[in-house]
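Remarks on the overall topology
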Amino acid sequence: MSKTQTQAQSRLRKAAGAPEGFLTVRDLRVHFPTDDGLVKSVDGLNFTLEKGKTLGIVGESGSGKSVTSLSIMGLHRTGTKRGAPQISGEVWLDGEELIGADPDRVRQLRGQKMAMIFQDPLTAMHPYYTVGAQIVEGYRAHHPGASKKEARRRAVEMLDRVGIPQPDKRVDAYPHEFSGGMRQRAMIAMALVNDPSLLIADEPTTALDVTVQAQILDLIRDLQQEFGSAVIIITHDLGVVAELADDILVMYGGKCIERGPADTLFESPEHPYTWGLLGSMPRLDRELQERLVPVKGTPPSLINVPSGCAFHPRCPYAGLTGGRSTTEVPSLAEAAPGHHAACHIPAAERHRIFTDEIAPRL
């Protein structure tokens with residue numbers, strides 16, 4: 001597709017009602033047919049992200065976080081084969097809709113306009129090729145006129161930018177010759193080699209010790225400021241996004257159950273599940289008064305999601321809803337400007353519970 005055709009298609013998409021936000025997700029649903037039933041990994045997700053901002057998506061394993069990121073990147077299998085995901089809704093990136101877009105167009109955007117840092121770089125990177133060769137390949141894929149020498153110079157530059165010592169030598173090392181933190185830095189260099197406008201980091205610090213975690217998060221923040229990109233941080237740990245995210249989206253059972261500005265969500269969370277996540281997170285700025293309280297029970301099966309509010313079997317306050325939590329799916333309602341929560345407990349009662357019972361323990 002020529003540049004002129006691409007620009008023409010972009011204008012048509014914008015004329016057809018493209019949203020103003022840089023990244024907008026509308027009613028995204030990703031369902032996987034299995035022998036046991038339909039797995040509703042993502043079930044009606046909506047959010048918007050502007051350039052230069054960071055969105056933290058948090059939730060337990062199986063809540064739909066990673067499936068969301070793979071859907072944005074267009075990395076799910078498609079087609080009519082049995083087991084292929086059923087994907088619907090809209091994902092708009094800078095005026096272009098990706099769910100219904102031609103796969104070749106999505107492939108052009110992937111790596112160039114959007115990129116992803118995977119959870120485990122040792123499995124995401126090819127063990128038989130040097131780190132430099134893999135960065136070079138990604139660069140030349142979107143710069144076909146670049147020579148090998150130019151691409152290698154770009155690879156060394158990126159390794160240096162992410163803080164890898166002696167980048168002119170380490171460019172010829174293999175992934176297994178890097179430590180865990182250095183591999184993650186190399187993965188970031190690979191993701192940013194084409195200056196993408198959207199960067200998705202899926203659990204970027206899970207396998208790293210706390211010191212290296214802080215270094216990686218600081219690196220992502222510094223690079224975002226340098227490139228002005230939009231960033232999505234996907235994690236199960238609210239502590240990871242406490243100082244990094246501008247906004248936070250909490251997922252449970254494939255749905256968004258709370259979203260809002262990071263400061264607001266930490267100071268006055270509205271959903272009992274968010275209270276549980278905060279209560280199970282250790283605080284380093286104060287003395288521990290009592291044991292951490294985990295969220296009781298286990299995450300729901302995405303094949304047999306509980307009726308009504310998916311969290312009600314684990315919610316200690318479900319009895320305050322007059323039975324609605326077991327029969328009605330709550331919708332996201334505004335609790336404060338820009339702050340929404342999906343909960344049947346009356347707002348005044350939620351405020352009382354948080355003030356009297358939850359906040360003193362946090």
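Thresholds applied
Residues numbered from 1 in each chain as written. Predicted model: local features only at pLDDT ≥ 70, side-chain atom pairs only at ≥ 80, totals over all residues. Heavy atoms only, no water. UniProt positions renumbered as here; feature names shortened; annotations may be inferred. Pairing = 2+ DSSP bridges. Helix = DSSP H or I, 4+ residues; strand = E, 2+ residues; numbered from the N terminus. Axes fitted to C-alpha atoms, helices over the stretch in contact; angles between N-to-C directions. Buried < 20%, exposed > 50% of the residue type's maximum accessible area, 1.4 Å probe, protein only. Parallel < 35°, antiparallel > 145°, perpendicular 65-115°, else oblique. Left-handed = near helix turned anticlockwise from the far one by under 90°. Contact = heavy atoms within 4.5 Å. Nonpolar A, V, L, I, M, F, W, Y, C, P; charged D, E, K, R; others polar. Core = buried A, V, L, I, M, F, W, Y, C linked by side-chain atoms within 4.5 Å. Phe/Tyr/Trp six-rings, centres within 6.5 Å; stacked < 30°, edge-to-face > 60°. Lys NZ or Arg CZ within 6 Å of the ring centre and 35° of its normal.

Going by an unreviewed UniProt entry, the protein carries the name Dipeptide/oligopeptide/nickel ABC transporter ATP-binding protein and comes from Kitasatospora indigofera. On record in UniProt, under Sequence similarities (unreviewed entry), the comment for the protein is "Belongs to the ABC transporter superfamily." The Subcellular location (unreviewed entry) field of the UniProt record for the protein holds the comment "Cell membrane".

The eight strands are arranged 6-7-8-3-9-10-12-11 in an open sheet whose pairing can be described as mixed. Strands with a single pairing partner mark the edges of an open sheet, and in this sheet they are strand 6 (114-117) and strand 11 (333-336). Taking the axes of each pair of neighbouring strands and ignoring which way they run, one obtains an average angle of 20° across the sheet.

Among the nine residues that make up helix 2 (residues 65-73), seven are buried, leaving the element largely enclosed by the rest of the structure. If you check which residues of helix 2 are buried, you get K65, V67, T68, S69, S71, I72 and M73. Backbone geometry just downstream of helix 2 places G74 in the positive-phi region, at approximately 70°.

Turning our eyes to something else, we now look at the packing of helix 5 (residues 131-142) against helix 8 (residues 180-192). With their axes 9 Å apart at the nearest point, helix 5 and helix 8 run at an angle of 20° to one another. The orientation of helix 5 relative to helix 8 falls into the category roughly parallel. The hand of the helix 5/helix 8 crossing is right-handed. In this structure, helix 5 contributes V131, Q134 and I135 to the contact, and helix 8 contributes A186, A189 and M190. Across the contact of helix 5 with helix 8, the residue classes break down as five nonpolar, one polar and no charged.

Take the nonpolar core next. In this structure, I188 and I248 are the most contacted members of the largest nonpolar core, which totals 66 residues. Ranked by the residues each element gives to this core, the list is headed by helix 8, at seven residues. Here I248 is in contact with L55, G56, V58, L238, V241, E258, R259, G260, A262, L265 and F266, once residues within four sequence places are set aside. Grouped together as the second largest cluster of nonpolar side chains are 33 residues, F22, L28, I57 and M116 included.

For the coordinates displayed, the defined rule picks out five aromatic pairs. When the ring of W275 is compared with that of Y317, the centres are 5.7 Å apart and the planes differ by 80°; the resulting orientation is edge-to-face. Pair noted here: W275 is in helix 12 (residues 272-279) and Y317 is in the loop between helix 12 and helix 13 (324-327), with a separation of 42 residues, a long-range link. Of the residues examined, Y317 reaches a relative accessible area of 13% and is grouped as buried. A cation over an aromatic ring shows up here: K51 above the ring of F22, its NZ or CZ 5.6 Å from the ring centre. For R170, the ring lying beneath its charged end belongs to F178, and the centroid distance is 4.4 Å.

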